[in-house]
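Observations on the three-dimensional arrangement
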Amino acid sequence: MRLLSVLASAVGLCVLGGTSLAAIHVGPVHVKVMERTGDKQFSETLAYPQKLASAPKLTATTPFSLAFDAFSDAAHQSSLALDQAHVVLRHTATGDEATLAGKMGSRGSYRVDMTRKHFRTLLSSAPGKYAVTLVLGSFDQGALVYPVGEVLVAGKRPAGTGSAVVYGRREEIRHRFGEPQGMPNVLVSVVFALLAAAPLGGLAVAWQRIGVSVKSVDGRAAVFMALVAAYMALAVAYWVGVRLFPTLAYVLALALPTYVAGQRALSQRRAAAKQ
């Protein structure tokens, strides 16, 4: 049982339920169930070994809190700092357990608060009746297990009522793949290609007007035109599938040679025109 393992891991002792094996004495135990607004739904103070007279109902908005003092003497004069202080909630029907750790305020004064997160993660999926046990331990003083009583946990479904497992033939799973994206009409593609190539025609007309021909193209001009053609090919490659950053790297690599070749070609043509 987890209840025994929790205690044995802290104090290294064998614990029998409901018995004190050493000199740990617990003072009045205050059990409260409060609304979020601060309204009190349930309150009872117990003196060891008393138990709760009734089982308070816990919900997500009204979790409970438990506060107590620990002493090393029966007269409750010497406060005791514990090495372990837990509240264990055990489902009476299924045996499932949830453990909440206590926090020490001043020396020997402890408090266990159940938050809405604790309720949601530990108890809400298994409503029903829970046995509440206070588990205390000290390496020097021994151990104490104090059955405080029972609480009722509200929830959407009772514990142990999972969905039934049905064996047999299942309905065939039909997967529908996404339909391919529609392509534009062929005529649109052709018109776009012609519009993209139109500047080349304009360039040819401009060259013809300024007297540029295949015969008049010398070596420097041929290099410049080849670099311009490389730029055009690079634009086509980017359109087809080359990524942006590699394309930018190629553009930077072509920039300086194109500038130098163009400057020399224009200088040579200006010199030829003066002659």
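Heads up: these notes are all about the structure in this document.

Quick notes on the rules
Residues numbered from 1 in each chain as written. Predicted model: local features only at pLDDT ≥ 70, side-chain atom pairs only at ≥ 80, totals over all residues. Heavy atoms only, no water. Buried < 20%, exposed > 50% of the residue type's maximum accessible area, 1.4 Å probe, protein only. Helix = DSSP H or I, 4+ residues; strand = E, 2+ residues; numbered from the N terminus. Pairing = 2+ DSSP bridges. Contact = heavy atoms within 4.5 Å. Phe/Tyr/Trp six-rings, centres within 6.5 Å; stacked < 30°, edge-to-face > 60°.

1. Observations concerning the pairing of strand β5 (residues 64-71)
In terms of burial, β5 is largely enclosed, as seven of its eight residues are buried. Bridging between strand β2 (residues 29-34) and β5 involves four bridges; their strand directions are antiparallel. Its bridge partner being in β5, V31 is matched across the sheet by L66. Of the pairings in the sheet, the one linking β5 to strand β9 (residues 109-113) comprises five bridges and is antiparallel in character. Along β9, the bridge assignment pairs S65 with D113.

2. Some remarks on the environment of F64
Topologically, F64 is positioned in strand β5. Residue classification places F64 among the buried residues on the basis of a relative accessible area of 3%. When the C-alpha atoms of F64 and K32 are compared, they prove to be 5.5 Å apart, with 32 residues separating the residues in sequence. The residues touching F64, leaving out its near neighbours within four places in the chain, are V31, K32, V33, L58, V87, L89, V112, D113 and M114.

3. What to know about the packing of aromatic side chains
Applying the stated criterion across every chain yields a total of three aromatic pairs. Where F68 meets Y110, the ring centres are 5.6 Å apart and the plane angle is 15°; that geometry is what we call stacked. You can see F68 sitting in strand β5 and its partner Y110 sitting in strand β9, a full 42 residues away along the chain. Accessibility expressed as a relative area gives 5% for Y110, which makes it buried.

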